[in-house]
There are 4 protein chains.
Amino acid sequence: MSSFFGQHLHLALFGQSHGEAIGITMDGFPAGMTIDMDRLAAEMKRRAPGQSSLTTPRKEADVPEILSGVLDGRTTGQPICAIIRNTNTRSKDYGEGVDLVRPGHADYTGHVRYYGFEDWRGGGHFSGRLTAPIVFAGALCSQWLESQGVQIASHIQRLGSVIDDSFMDHPDADVSGLKAMHLPVLRQGLDAAMEQEAMQALQAQDSIGGVIECRITGLPAGLGAPFFDSVESVLSHLMFSVPAVKGVEFGEGFGFAALRGSQANDPFRMEEGKVVTTSNHSGGVLGGITSGMPVIFRCAVRATPSIGQTQQTVSLCTGENAELNIHGRHDPCILPRAVPVIEAMAAIGVMELWKERQACVK
Amino acid sequence: MSSFFGQHLHLALFGQSHGEAIGITMDGFPAGMTIDMDRLAAEMKRRAPGQSSLTTPRKEADVPEILSGVLDGRTTGQPICAIIRNTNTRSKDYGEGVDLVRPGHADYTGHVRYYGFEDWRGGGHFSGRLTAPIVFAGALCSQWLESQGVQIASHIQRLGSVIDDSFMDHPDADVSGLKAMHLPVLRQGLDAAMEQEAMQALQAQDSIGGVIECRITGLPAGLGAPFFDSVESVLSHLMFSVPAVKGVEFGEGFGFAALRGSQANDPFRMEEGKVVTTSNHSGGVLGGITSGMPVIFRCAVRATPSIGQTQQTVSLCTGENAELNIHGRHDPCILPRAVPVIEAMAAIGVMELWKERQACVK
Amino acid sequence: MSSFFGQHLHLALFGQSHGEAIGITMDGFPAGMTIDMDRLAAEMKRRAPGQSSLTTPRKEADVPEILSGVLDGRTTGQPICAIIRNTNTRSKDYGEGVDLVRPGHADYTGHVRYYGFEDWRGGGHFSGRLTAPIVFAGALCSQWLESQGVQIASHIQRLGSVIDDSFMDHPDADVSGLKAMHLPVLRQGLDAAMEQEAMQALQAQDSIGGVIECRITGLPAGLGAPFFDSVESVLSHLMFSVPAVKGVEFGEGFGFAALRGSQANDPFRMEEGKVVTTSNHSGGVLGGITSGMPVIFRCAVRATPSIGQTQQTVSLCTGENAELNIHGRHDPCILPRAVPVIEAMAAIGVMELWKERQACVK
Amino acid sequence: MSSFFGQHLHLALFGQSHGEAIGITMDGFPAGMTIDMDRLAAEMKRRAPGQSSLTTPRKEADVPEILSGVLDGRTTGQPICAIIRNTNTRSKDYGEGVDLVRPGHADYTGHVRYYGFEDWRGGGHFSGRLTAPIVFAGALCSQWLESQGVQIASHIQRLGSVIDDSFMDHPDADVSGLKAMHLPVLRQGLDAAMEQEAMQALQAQDSIGGVIECRITGLPAGLGAPFFDSVESVLSHLMFSVPAVKGVEFGEGFGFAALRGSQANDPFRMEEGKVVTTSNHSGGVLGGITSGMPVIFRCAVRATPSIGQTQQTVSLCTGENAELNIHGRHDPCILPRAVPVIEAMAAIGVMELWKERQACVK
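Treat the numbers as computed from the prediction; the structure is a model and nothing was measured.

Draft legend 1. Representation of the nonpolar core. Of all hydrophobic cores here, the largest spans 157 residues; its most connected members are I216(C), F297(C), I216(D) and F297(D). Discounting chain neighbours no more than four positions away, the residues touching I216(C) are V150(C), Q151(C), I152(C), L235(C), P294(C), V295(C), F297(C), A346(C) and V350(C). F5(A), A139(A), L140(A) and L223(B) belong to the second largest nonpolar core, which has 156 residues in total.

Draft legend 2. Seen up close, the interface of chain A and chain C. The interface of chain A with chain C comprises 45 residues on the first partner and 45 residues on the second. Together, the buried faces of chain A and chain C total about 3300 Å²; carbon and sulfur atoms form 61% of this surface. Across the contact surface, chain A and chain C share 2 salt bridges. For the salt bridge of R85(C) with E65(A), the shortest nitrogen-to-oxygen distance reads 2.7 Å. Connecting chain A to chain C are 8 residue pairs in polar contact (both at pLDDT 80 or more). Elements represented by at least two residues in the side of chain A that touches chain C include exactly strand 2 (10-14), strand 3 (21-27), strand 4 (65-68), strand 5 (70-71), strand 6 (74-75) and strand 7 (80-85) of chain A. The residue makeup of the side of chain A that touches chain C, split by class, is 19 nonpolar, 18 polar and 8 charged.

Draft legend 3. Spotlight on the relation of the copies chain A and chain C. Note on the identical chains: chain A maps onto chain C by a rotation of 180° and an axial translation of 0.0 Å, with an RMSD of 0.0 Å. Taken together, these values place the two copies in the relation of a two-fold axis. Residues of chain A ranked by C-alpha distance from the rotation axis are headed by A12(A), positioned 3.3 Å from it. Taken together, the interface assignments show that 100% of the residues at the interface of chain A recur at the interface of chain C, consistent with an identical surface on both copies.

Draft legend 4. Quick peek at the sheet that holds strand 16 (residues 295-301) of chain B. With respect to topology, 10 strands assemble into an open sheet ordered 9(A)-8(A)-10(A)-16(A)-11(A)-11(B)-16(B)-10(B)-8(B)-9(B), the strand pairing being antiparallel. Looking at the sheet topology across the chains shown, the edges are occupied by strand 9 (162-163) of chain A together with strand 9 (162-163) of chain B. Relative to strand 11 (residues 245-250) of chain B, strand 11 (residues 245-250) of chain A is paired through 3 bridges, and the arrangement is antiparallel. If you follow V248(A) over to strand 11 of chain B, its bridge partner there is V248(B). In the packing of helix 4 (residues 190-203) of chain B onto the sheet, contacts are made with strand 8 (151-159) and strand 9 of chain B, and the angle to strand 8 of chain B comes to roughly 55°. Contacts from helix 5 (residues 231-239) of chain B reach strand 11 of chain A together with strand 10 (210-217), strand 11 and strand 16 of chain B, with the element oriented near 160° to strand 11 of chain B.

Draft legend 5. Broad picture of unusual backbone geometry. One non-glycine residue with positive phi stands out, namely Q205(B), at about 50°. Even without glycine at this site, F227(D) takes up a positive phi of about 60°. Within the secondary structure, F227(D) sits in the loop between strand 10 (210-217) and helix 5 (231-239). Exposure remark for F227(D): the relative accessible area of 4% places this residue in the buried category.

Draft legend 6. The packing of aromatic side chains, seen in detail. As enumerated under the stated definition, the model contains 26 aromatic pairs over all chains in all. When the ring of F250(A) is compared with that of F240(B), the centres are 5.3 Å apart and the planes differ by 85°; the resulting orientation is edge-to-face. Taken together, the positions of F250(A) in strand 11 and F240(B) in the loop between helix 5 and strand 11 put the pair across two chains. Chaining the aromatic ring pairs together yields one cluster made of F240(A), F250(B) and F297(B).

Thresholds applied
- Along each chain, the written sequence defines residue order, and numbers are assigned to residues from 1.
- Labels are handed out in written order, letters beginning with A for the chains and numbers beginning with 1 for the ligands.
- In view of the model being predicted, local features appear only for residues whose pLDDT reaches at least 70, and side-chain atom pairs are presented and counted only at 80 or more, with totals across whole chains, interfaces and linings using the full set of residues.
- The side-chain numbers reported here are obtained from all heavy atoms of the structure, hydrogens and water having been left aside.
- Take the buried residues of types Ala, Val, Leu, Ile, Met, Phe, Trp, Tyr and Cys, join any two whose side-chain atoms come within 4.5 Å, and each joined set is a nonpolar core.
- The rule is simple: take the accessible area with a 1.4 Å probe, protein chains only, and divide by the maximum for that residue type; under 20% is buried, over 50% is exposed, in between is partly exposed.
- Contact definition: two residues touch when any of their heavy atoms are within 4.5 Å.
- Once two parts are brought into contact, the accessible area they lose, counted with a 1.4 Å probe and summed over both, makes up the buried area.
- Salt bridges, as used here, are contacts in which a Lys or Arg side-chain nitrogen is within 4 Å of a carboxyl oxygen on Asp or Glu.
- Polar contacts, as counted here, are pairs of nitrogen or oxygen atoms within 3.5 Å of one another; within protein the pair requires one atom able to donate a hydrogen and one able to accept it, and residues that are adjacent in sequence qualify only if both atoms are side-chain atoms.
- In this text, helices come from DSSP runs of H or I with a minimum length of four residues, and strands from runs of E with a minimum of two, each type numbered from the N-terminal end.
- Any residue that is not Ala, Val, Leu, Ile, Met, Phe, Trp, Tyr, Cys, Pro, Asp, Glu, Lys or Arg is counted as polar, Gly included; the first ten are nonpolar and the last four charged.
- Least-squares superposition aligns the copies on the C-alpha atoms of those residues with pLDDT at or above 70 in both.
- Two strands pair under a simple rule: DSSP has to find at least two bridges between them.
- In this analysis an axis means a line fitted to C-alpha atoms, helices contributing only their contacting stretch, and an angle means the value between N-to-C directions, from 0 to 180 degrees.
- Think of it this way: a Phe, Tyr or Trp ring, Trp meaning its six-membered ring, pairs with another when their centres are within 6.5 Å, and the plane angle makes it stacked under 30 degrees, edge-to-face over 60, tilted otherwise.

Put into structure tokens, the structure is as follows:
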């Protein structure tokens, strides 16, 4: 199944790109939190299309309607369901649909998985549009976690050939301005270079990939567990649920391959009566459990497969090879819109781990 | 919680390195399979220590005793439980234990997680030794999957600075000899260079990391689902459950960051009446669902944190900084022993996805 | 948590009686089924209020809006979400609300559970109105199960002092007319006596309880499992999720207390090459697994707690004892509306068991 | 699947009556509890056979070996696994086995469920012997819950025609002596009458059923949730997992059928600043959530199907009708041994609900 996640915080995701509505139900969310609707809307807007020349002009309100779980602006502790109506759904923009399967998309695999009964219009249930409800759920989790001192921040660590600094080298980087940037980066001015690279791809009727890095601070030590509920397992499970994410690494990640134990280990020391590590190669997770240091991970994001160039594919109708031309405008670079999704998934994962920890009565 | 996984194939892992026994219960395994005990033993031996100068000499039989779920050598379809007694458990080899927490290990985080009541001896429940029951469970899954035409093969794609070829460039690489190699590699003779690099680390009282690459062939299209049960989510969840794994990537993985959509997309074409892709950048997964092409992924494995060098740490007893010297012999390179664990986890994940697919009645 | 059920068929229920909308998401439902909307509407109507003098006149359309999972009237195999808007919500009909907690209701326990942040209006998330989405989900399951030859039928086996025959004595009872009866009974004319008993309760500003009996025929042998996933465990879990259900029994149920083994055992015999039992005291379940005989169970339904009489309670505001008078009209007997809910839960449970069975590959 | 339960406290049950061993893994149990091994052994002994003329003389030690999760007699917070070796396994006592399926047993349904590969010896995985590990797990939960002021007590409320008083009429009944009684009853001397009734069944080569009533006191208000995680749903799920249980009812249970709302409702009142109900017809659960009043429920237990009389059955080998004579000694009345199992399941259920509640952070 595809739509649900979590044992302590429970999500149920539904909808298709061109269906009546998309939405999500979140159960297990704490009671009594007053929702900051403005900040919620701001998060939704970060993910919405039409923010810049880099993203599709498709202007959707993407305003979630909260159907349940909230009373007088406060969460009730009961299931929260929110839906987003599908308004701007011009099917003709999406090529010949399920006949000519789009390379890099789920058209073919979804067709097999659902025996040909899937809603193929605009990606249907596979559409990146389904990430909107995820941002809604994650934004609520973020607001609650912030009340506990947890802060989640992300930036585009790489876009094509343009590479930003890393939280690994700047663990205390000022992140206050990131949410306001369309292409959030740590190194000042680098966003211009990234935009240029993306525009070049666009002009070539192409798209470009990159890497998003996320940092979670303010976590207590002791969240997570060894083996099947490790922090890495829970977070990677969520990150790989984001369309286009094809790699996830924590701390030094694949860089560990070249490191010796003496370089990879993070020495412990006492600081103001608190156990800390003097380095954070592990990315804040030891043995699957948070150490109290910042959790740092990166997600590889592939270029959006919808491009203007002619592509080779097959016709499910004729069973013959064919050429595909995808019409309409598409994001040359999905990363700016993926950033809030990654942050939302991080917030959801931390909330799940937080509640699991709470259940560990002594 | 830490010990269980799966909704269709269910695992429950238990035990501590120096406890009475370690083991696993697997429920949902198909009925009627005759277990090939020799091949099972061979898999267990691949993971066991003492295979070479690269691994600890600790000679453990690691022979699983099957307590349930098997009758006359055949699976009954009921819960299969197997245990492995802990025999060679010389606690003094494991430093001062929970007082001086070992950098890179779970000593500190486990201490916090379990309120100081954890079994700290030799890593306790966090010990890599817990991967032995996982290999047992995975080996059974592999045997069943092979009867369905599924084959799982892995090699050490990188060890320190020594880099092997990739399945990405050699999708049809002959893997028949890999299981017999202590350092399985695709490029002939490269294992010698890897051994040398590992020995250098050992001589420096250090350890070294690397990357393991896994290829799964013979999978039908249609396994997995979008979002929370994507093939990548399920497999990464399991891979990150393996101690020392800090990164997971599928297909081009982080390489996607530099690729344009036109380079990243895998064109479709008909081949003998079957839909295939002419390239496999996606690593056999589109929209979270298998495409029928080989599933290819890589796991970054950090160097084992147990090294002979003096390390900086803290004393949980005195609350002061301290120096730690870990005595006894330890693996300078865990990769050869991690390979069968990665394969086992892959088999477990595919079995879970297979059963989920079976449940999708039309 | 309260809102989700199932490992193979997955439900997520949400909404409050006086919120924006109530609804349910069902994931794992088979792809390709054409929904019979008329029969679906008929099932919804059976549960809806205002059907007779025995039920509240509150006239709600209760027409579900399907938001996802259906294309051109056919299920896609992806999450199906349906919502029902709350229209007729006259709060003043519901007494003084959370101040004076209503005896027999969840006002007080919900207040504790949700730290005082619950939506108390009209029972909120606890409202029997939440059973409408359950009937929606169950009706879809019933339609699919019927295509497999499974039939679910129920009747009011007892209402107050009026006792109907039992499927235990009439395993082959003709059930074709039951769905059309407002008070479905097996013994002709008994519904009049039941209506009279209910009316007497109504005239006394009171309500009355009863027993609903359900029979599931056409099930193959082999569904379910011993212990934690027994047919009885799965079905009772669902039945006790229905507000007002306080007892569940299978086959002879509590009658087994007086039976000896020789009376309780169902002898086996061959019939047309098929293994059957010559009696069915066990109610079609042996060792937690279906035997192929009809599954028969009964649910005890308590009288609806909302009555016109003055009741003793406490004020959560003043912390003092108080008297409560509940205004407005309420069902004197919830049984006729509970029947389709019980059938829906039965269909949901069988679908879950069916899918679990499908996942048991050999 | 059959062997696992729980989202917060996790159980994995395994083993067959005549296999190597039976056992259970429990994950999520609180860390730091010192196990009272004597009381644990006492609980195991209550369930063990050979306690009296009413139970099979089969003398099994039934001493659990704890393999993991305990260090120096204290729980570590990590998975606890305990096994019990199967010693006294005289297969010939179990009739002709899978050829002639035993009426009332799971021989036939298990044969279908597991495609003929099941371990049929002595009931295999279906054997009541599997309840021994459940008593082990439940006893640990009971010890922890007692430290929180929760007390669980049960008695045989009915055996055949002999009917004991009910906790419904004696909510404050002294239960201190119950655990020491072989046939625990509330009304003094009634156990003699029950024993006589059981002996009569035995002399007739027959067996007899009954009802077990359980009371849980000291529970806080607020455990459980509406709908799918109601206290009744969680507890009934576990109770129906006990072989031979065919009915479960809470409070007045099926007695509610004859009660009017005015009789069924429990009035609230303030008592020493605490909200209580002046009656407890609901059995301590309102809207699926504990009210703080004692939780009271009853389980109908069918007569053990293994009897000495000749029975009609079929031969799976010849496919013809046949006569079955079960040799060896069997319990004429399983109730005394079922009492500790019901209590164990109650403790497991309450622990699950307790942890779920703990996870509900504000």
